[in-house]
Amino acid sequence: MRSRQRMFAAVMRLLLKCLRLGRRRRFRLLRQLEQLWHYGHLCLRSLLYNSFTNGDVVLDSLFEPVYWLVDHVTRWFGVVFVALVIGLTSSIVAIVYICLLPLILQTYTPAWICWHLAYGHWNLIMIVFHYYMAITTSPGHPPQAKNDLTGVSICRKCIAPKPARTHHCSICNRCVLKMDHHCPWLNNCVGHYNHRYFFSFCLFMTMGCIYCSISGWDMFRDAYAAIERMKLLEKERLQVAANQTYYQTPPPTFTFRQRAFHKSVVYLWVLCSSVALALGALTLWHAALITRGETSIERHINRKERQRLQKKGKVRVTHGMGAGWGRARCDVPLPVLQVFRNPYSYGSWDNWKVFLGVDVPRHWLTRVLLPSPHLPHGTGLSWDLPPCVTEQRAPLLAI
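Conventions used here
- Residues numbered from 1 in each chain as written.
- Predicted model: local features only at pLDDT ≥ 70, side-chain atom pairs only at ≥ 80, totals over all residues.
- Heavy atoms only, no water.
- Helix = DSSP H or I, 4+ residues; strand = E, 2+ residues; numbered from the N terminus.
- Buried < 20%, exposed > 50% of the residue type's maximum accessible area, 1.4 Å probe, protein only.
- Contact = heavy atoms within 4.5 Å.
- Areas by Shrake-Rupley, 256 points an atom, 1.4 Å probe, with all protein chains shown as cover.
- UniProt positions renumbered as here; feature names shortened; annotations may be inferred.
- Axes fitted to C-alpha atoms, helices over the stretch in contact; angles between N-to-C directions.
- Parallel < 35°, antiparallel > 145°, perpendicular 65-115°, else oblique.
- Nonpolar A, V, L, I, M, F, W, Y, C, P; charged D, E, K, R; others polar.
- Patch = residues over 30% accessible without salt bridge, like charges linked within 9 Å, V, L, I, M, F, W, Y side chains within 5 Å.
- Salt bridge = Lys/Arg side-chain N within 4 Å of Asp/Glu carboxyl O.
- Core = buried A, V, L, I, M, F, W, Y, C linked by side-chain atoms within 4.5 Å.

1. Focus on the overall build of the protein chain
- Across its full length, the protein chain carries 10 helices and 6 strands.
- Within the protein chain, the proportion of its 399 residues that are buried is 31%.
- By sequence separation, contacts in the protein chain at least 24 residues apart represent 68% of the contacts at least 6 residues apart.
- Carbon and sulfur atoms form 65% of the exposed surface of the protein chain, whose accessible area is close to 27100 Å².

2. Focus: the UniProt feature "transmembrane region" (unreviewed entry) in the protein chain
- Sites flagged by UniProt as "transmembrane region" (unreviewed entry) map to residues 76-100, 112-133, 197-220 and 266-288.
- A helix fraction of 96% and a strand fraction of 0% characterise residues 197-220, whose end C-alpha atoms lie 32 Å from each other.
- End C-alpha atoms of residues 266-288 are separated by 33 Å, and the span's content is 100% helix alongside 0% strand.

3. Some remarks on the packing of helix H7 (residues 256-292) against helix H9 (residues 348-356)
- Running from N to C, H7 and H9 cross one another at 105 degrees; their axes reach a closest spacing of 7 Å. Judged by the angle between their axes, H7 and H9 are roughly perpendicular. Listed contacts from H9 to Ala287, Ile290, Thr291 and Arg292 of H7 are Ser348, Asn351, Trp352 and Phe355.
- By residue class, the composition of the contact of H7 with H9 is 4 nonpolar, 3 polar and 1 charged.

4. With respect to the side chain of His377
- With respect to the element layout, His377 can be found in the segment after helix H10 (363-368).
- Ignoring sequence-local partners within four residues, the contact set of His377 consists of His192, Val354, Gly357, Asp359, Pro386, Pro387 and Cys388.

5. Brief notes about a nonpolar patch on the surface
- On the surface, Trp68, Leu69, Val73, Trp76, Phe77 and Val80 cluster together into a nonpolar patch covering about 670 Å² of accessible area.
- Here Trp68 lies in helix H3 (residues 64-107).
- By relative accessible area, Trp68 is classed as exposed at 51%.

6. Examining the nonpolar core
- Grouped together as the largest cluster of nonpolar side chains are 39 residues, with contacts concentrated most on Tyr131, Leu186, Phe198, Phe201, Met205, Leu268 and Cys272.
- Contributions of two or more residues to this core are made by H3, helix H4 (110-136), helix H5 (195-215), helix H6 (217-242) and H7.
- Ranked by the residues each element gives to this core, the list is headed by H5, at 9 residues.
- Leaving out residues up to four positions away in the same chain, Phe198 has contacts with Ala134, His181, Cys183, Leu186, Val190, Leu282 and His286.
- Among the nonpolar cores identified, the runner-up in size contains 7 residues, and Ala287, Ile290, Phe355 and Val358 belong to it.

And the structure:
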């Protein structure tokens, strides 16, 4: 009996020792895994650490494959996009001439007929002219050889002089003077020499789409109601035909010409309204940039620089003595700080005059309201004060 008890006790002690050893080994294994995790995390941070890293850098890194895909695909699809613009615009013009113009000539008064003919053809000429100039005019490229230009940097990709406001286009693989963006619908970069053509095309295309949408609203409602009535009558005709016996298919209720007319009107109104909304928003965005004297790229750069200088306390956010001045009734004004402004801005009105090339009042007619191939101010290599700007701006903090 005692021998059995001793044997049982020995077995239990051995079992407890095994459990203790297993627990120690398990804890030791977990500690080793934790140490390896911390060591790997430290190595990864030491390899990837950068004091300039922020949320935007991480986001750009994550979207780098998307940027690469866009850079390599856009250059091939540019021709397709241009053909799409020409095809859709031509279809709208064909519908207007074939379907709507005969109806206008039969039903409208002579005054309204003259208005539609004059405005419609003027708008069409402006659209065609500016789109053709935008896709065929080179945006401007800096010289590849060294020259006497002062205050220029070197492009890291072209290894060539890079004047102010010049940026490298990864799609065209060239530096572009006063680059705004690469437009796939033009299959061309928007830069110094064709920026006005691009904006004018967007403006007049938006105006034309709004004109077609407003003018064709009543026709669109009638055409849509006619199509719904066609569907209802077609359904009733098929139900009647199913209960009777015919040796041949009964004739349709509406002719092919009637169906094509109503569907063309609906197609015109839907397409013009959609383009007016999308292109109108883009036009307003570029109008705001032109008012500030910036390009799309410069807006991003100026915003980053403004935030950086605000963090360092070199520029103030608002005008006046400071936030709270006058409300807190403090007798000691805050330190006067400089205001960050775009160095290429001459004021809202002068920015538009410089952009459109308006030097004298008659240019509003000959260069803005009529097709004009005049060149912009300057060469894009240096940015001197244009002659249409009346006063010189004081130097301010900017890039």
